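# Analysis of the macromolecular model
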Amino acid sequence: MTAEYKVQGDIAVITLNNPPVNGLGYATRVGITDGLAKANADAAVKAIVITGAGKAFSGGADIKEFGSPKALQEPNLLSVILAVENSSKPVIAAVHTVCMGGGLELALGCHYRIAAPGCNVALPEVKLGLIPGAGGTQRLPRALGVEPALNMIVSGEPVKSEMLAMLPGQKLFNKMAASTESLLEEALAYAAEVADARPLPLVRNLPCKHPLGDAYFQFARNMVKGMSKNFPAPAKCVDAVEAATKKKFDDGMVFERDLFINLMWTPECRALRHIFVADRAASKIPDVPSDTAQRAINTVAVIGAGTMGGGIAMNFLNAGIAVKMLEMKQDALDRGLATIRKNYESQVKKGKLKQDKYEQRMNLLSTTLSYDDLKDADLVIEAVFEELGVKEAVFKELDRVMKPGAILASNTSTLDLNKIAAFTQRPQDVVGMHFFSPANVMKLLEVVRGEKTAKDVLATVMAVAKKIKKTAVVSGVCDGFIGNRMIEQYGRQAGFLLDEGCTPAQVDKAVEKFGFAMGPFRMGDLAGNDIGWAIRKRRYSEKPDMKYSKTADLLCEKGRFGQKTGAGWYDYVAGKRDAVPNAEVVQMIEAHRQSLGITPRKISDDEIVQRLVYSLVNEAAHILEEGIASKASDIDMVYIMGYGFPVYRGGPMNYADQVGLFNVVQAMNRFAQNPLDDAKFWQPAPLLARLAAEGKTFN
Ligand SMILES: NC(=O)c1ccc[n+]([C@@H]2O[C@H](COP(=O)([O-])OP(=O)(O)OC[C@H]3O[C@@H](n4cnc5c(N)ncnc54)[C@H](O)[C@@H]3O)[C@@H](O)[C@H]2O)c1
């Protein structure tokens with residue numbers, strides 16, 4: 001039983017106790033209904049208090065039951081709330097710390113509510129592509145007022161209890177307690193006060209109207225249009241709340257239920273729920289137990305104050321962790337420092353950062369030209385030039401000076417981490433921390449696990465990632481790790497599409513319509529086309545059989561590296577990010593096509609998207625099979641957090657699962673027939689072929 005029952009004087013107290021947030025799983029629900037039955041049968045009990053143990057009243061649905069039939073098993077949440085409403089003795093919800101989703105819906109079913117200050121109150125279902133499904137859309141507008149309730153339901157954002165209690169006319173909280181500590185005592189006193197009051201007040205009986213009626217809901221619909229472009233849920237939130245103002249309570253409940261169930265099966269909702277679970281799963285490494293002892297990380301050193309070093313340092317400063325930056329020359333340090341300052345100053349100017357916070361952060365930063373100054377750092381992250389010789393010199397120095405037990409991390413994007421580890425006498429302490437540019441903005445961190453990386457080093461780095469608010473995904477050692485290894489195949493396909501008849505703008509548009517933040521050519525211009533060029537030059541000698549389109553090389557030979565040179569696949573006006581198609585580039589592509597004797601054909605947006613997305617999927621299947629990624633959902637997180645893959649499609653693996661792996665393989669077989677494409681690449685990875693044949697999915 002995950003709810004405790006106790007009688008204190010003549011008040012029964014039901015305490016939800018299902019850590020960490022008292023999720024309303026089956027056993028907890030049974031605990032509540034059993035407690036209610038006991039209290040109602042006990043003549044000595046006059047009122048009932050429901051509260052939560054530990055760090056929450058309740059965070060809502062139990063994520064362990066997510067999408068499983070257990071979530072609906074009786075007593076489901078609707079039945080629990082009905083039992084609360086039907087209790088012949090008053091039920092008082094005593095809420096504190098976290099009161100969200102089903103937790104808030106449960107509280108709304110109670111006859112009275114008392115809240116501790118500082119309690120985060122929310123109906124966050126919209127973030128999972130849903131609307132509240134246990135009366136939240138019908139009761140919150142009645143208790144709080146239509147407008148504030150709709151704002152909470154559409155945004156899913158938490159609001160502090162004391163703010164809500166200040167809303168004029170609100171009936172959500174009958175009373176505010178002085179503190180979380182005194183909540184139970186105050187709730188017991190309040191319960192005694194209302195014990196004999198009859199009839200028992202129910203939120204369902206409160207009136208629900210907006211003075212502007214239809215006009216208000218029209219306005220609300222316009223407001224959510226932007227955010228609901230690819231997501232059906234926000235608009236349904238408006239529909240449900242409107243129903244609360246127009247329908248009888250019970251009819252509104254049926255309406256809410258229908259909307260909820262219909263949303264549950266949309267691909268968008270499935271994708272969002274998948275990401276929610278994937279995000280939590282990413283920090284779990286199969287052979288590194290969650291109780292693995294961690295090393296203490298209080299100070300950090302960063303080697304190299306360039307593009308990445310500066311951004312990496314900022315992450316730690318933002319988290320209140322002191323950073324020492326090392327460079328070879330004073331002017332490089334000065335430049336790095338100036339860039340960090342400029343970054344923070346622009347945040348201050350935009351009002352995103354307070355002046356005193358800025359100063360606090362800068363005070364945590366120090367610089368040095370000497371390795372000996374780094375010896376006490378707990379973690380050092382190297383972000384110097386991408387050359388093995390340079391890395392060797394740096395890691396040998398680090399091995400010489402760093403204290404025993406310090407973690408030595410490299411931000412390399414392409415080099416072999418095992419080789420880097422072997423430059424030291426302590427390869428167990430070496431790990432990859434692959435940040436994405438701009439490192440202070442991008443949420444993704446690939447944690448690269450070397451052959452010898454110690455488990456406590458991994459556990460520590462995953463915890464550090466959380467502290468600096470990154471989504472960390474573990475990758476094994478391979479060229480490009482998870483993300484860039486996949487993007488290379490995607491880039492190759494984009495090149496073939498140009499050769500066969502597309503323009504860069506056509507490809508980008510198709511992919512952006514699919515939902516990517518940016519198509520491959522705009523992305524190349526942003527990242528710098530010279531980076532891909534350098535990689536291809538290496539590939540031409542390493543993998544002479546690998547087929548590439550040569551257009552990207554021709555572009556680079558013209559010096560069109562992208563935004564940084566003002567010209568790439570597109571033209572750019574200084575200070576602006578708008579990509580303007582360039583006729584000469586299109587001519588260059590046509591001339592190259594002609595030189596290859598290719599007659600251009602019209603390629604549909606569907607084909608463009610399928611070839612690009614399935615190229616990611618096939619490479620990902622190899623990555624999974626080789627154990628570079630430990631689970632498919634990790635790959636989805638990499639693409640959602642680091643590569644602008646559309647959130648509402650849940651990542652490439654989730655998307656492939658939704659399309660059906662059998663269909664994906666069929667399409668690959670078709671692409672393999674195209675003489676201008678790479679038939680060898682389109683051989684489905686063995687794992688993909690097997691799953692498709694067995695009718696299974698990646699996730
Ligand atoms: N730029 C990106 O988008 C990106 C993304 C992920 C990872 N990376 C990786 O991050 C690393 C750094 O890349 P960057 O883009 O910041 O390069 P950068 O050229 O902007 O900065 C490198 C800095 O390292 C300094 N440096 C070079 N040798 C040094 C040494 N021996 N000791 C101390 N400092 C030294 C240089 O003076 C320079 O300031 C590379 O390994 C790169 O592959 C880059």
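For the structure itself, look to the data block above.
About the criteria used
Residues numbered from 1 in each chain as written. Predicted model: local features only at pLDDT ≥ 70, side-chain atom pairs only at ≥ 80, totals over all residues. Heavy atoms only, no water. Pairing = 2+ DSSP bridges. Helix = DSSP H or I, 4+ residues; strand = E, 2+ residues; numbered from the N terminus. Phe/Tyr/Trp six-rings, centres within 6.5 Å; stacked < 30°, edge-to-face > 60°. Buried < 20%, exposed > 50% of the residue type's maximum accessible area, 1.4 Å probe, protein only. Near = heavy atom within 4 Å. Polar contact = N/O pair within 3.5 Å; in protein donor to acceptor, adjacent residues only side chain to side chain. Areas by Shrake-Rupley, 256 points an atom, 1.4 Å probe, with all protein chains shown as cover. Axes fitted to C-alpha atoms, helices over the stretch in contact; angles between N-to-C directions. Contact = heavy atoms within 4.5 Å.

### Some words on the pairing of strand β1 (residues 3-8)
Relative to strand β2 (residues 11-16), β1 runs antiparallel, the two sharing six bridges. Across the sheet, residue Gln 8 finds its bridge partner in β2, namely Ile 11. With antiparallel pairing between neighbouring strands as the criterion, β1 and β2 make up a hairpin whose turn holds two residues, including Gly 9 at a positive phi of roughly 65°.

### Some points on the packing of aromatic side chains
Taken as a whole and assessed by the stated rule, the structure comprises 17 aromatic pairs. Ring centres of Tyr 216 and Phe 219 lie 6.4 Å apart, and the angle between their planes is 40°; on these two criteria the pair is classed as tilted. Of the two residues, Tyr 216 and Phe 219 both sit in helix α8 (residues 214-225), three residues apart, roughly one turn of that helix. Owing to a relative accessible area of 5%, Tyr 216 belongs among the buried residues under this scheme.

### Some words on the site of the ligand
Neighbouring the ligand are 22 residues, the closest being Met 308, Glu 327, Glu 386, Lys 391 and Ser 413. Here Glu 386 contributes a side-chain N or O atom positioned 2.5 Å from an oxygen atom of the ligand. Between Lys 391 and the ligand, the recorded distance is 2.7 Å, taken from a side-chain N or O atom to an oxygen atom. Contact with the protein chains hides 79% of the accessible area of the ligand, taken as 820 Å² for the molecule alone.

### Focus on the sheet that holds strand β10 (residues 299-303)
Pairing in this open sheet of eight strands is mixed, and the strands run β12-β11-β10-β13-β14-β15-β16-β17 from one edge to the other. Two strands in the sheet have a free side with no partner beyond their single neighbour: β12 (365-368) and β17 (471-475). Ignoring strand direction, the axes of neighbouring strands in this sheet form an average angle of 25°. As judged from the four bridges shared by strand β13 (residues 379-382) and strand β14 (residues 407-410), these two strands associate in the parallel manner. Among the inter-strand pairings, Ile 381 is bridged to a residue of β14, identified as Ala 409. Here helix α13 (residues 330-349) sits on the sheet and contacts β11 (322-326) and β12; the angle it forms with β12, its principal contact strand, is near 165°.

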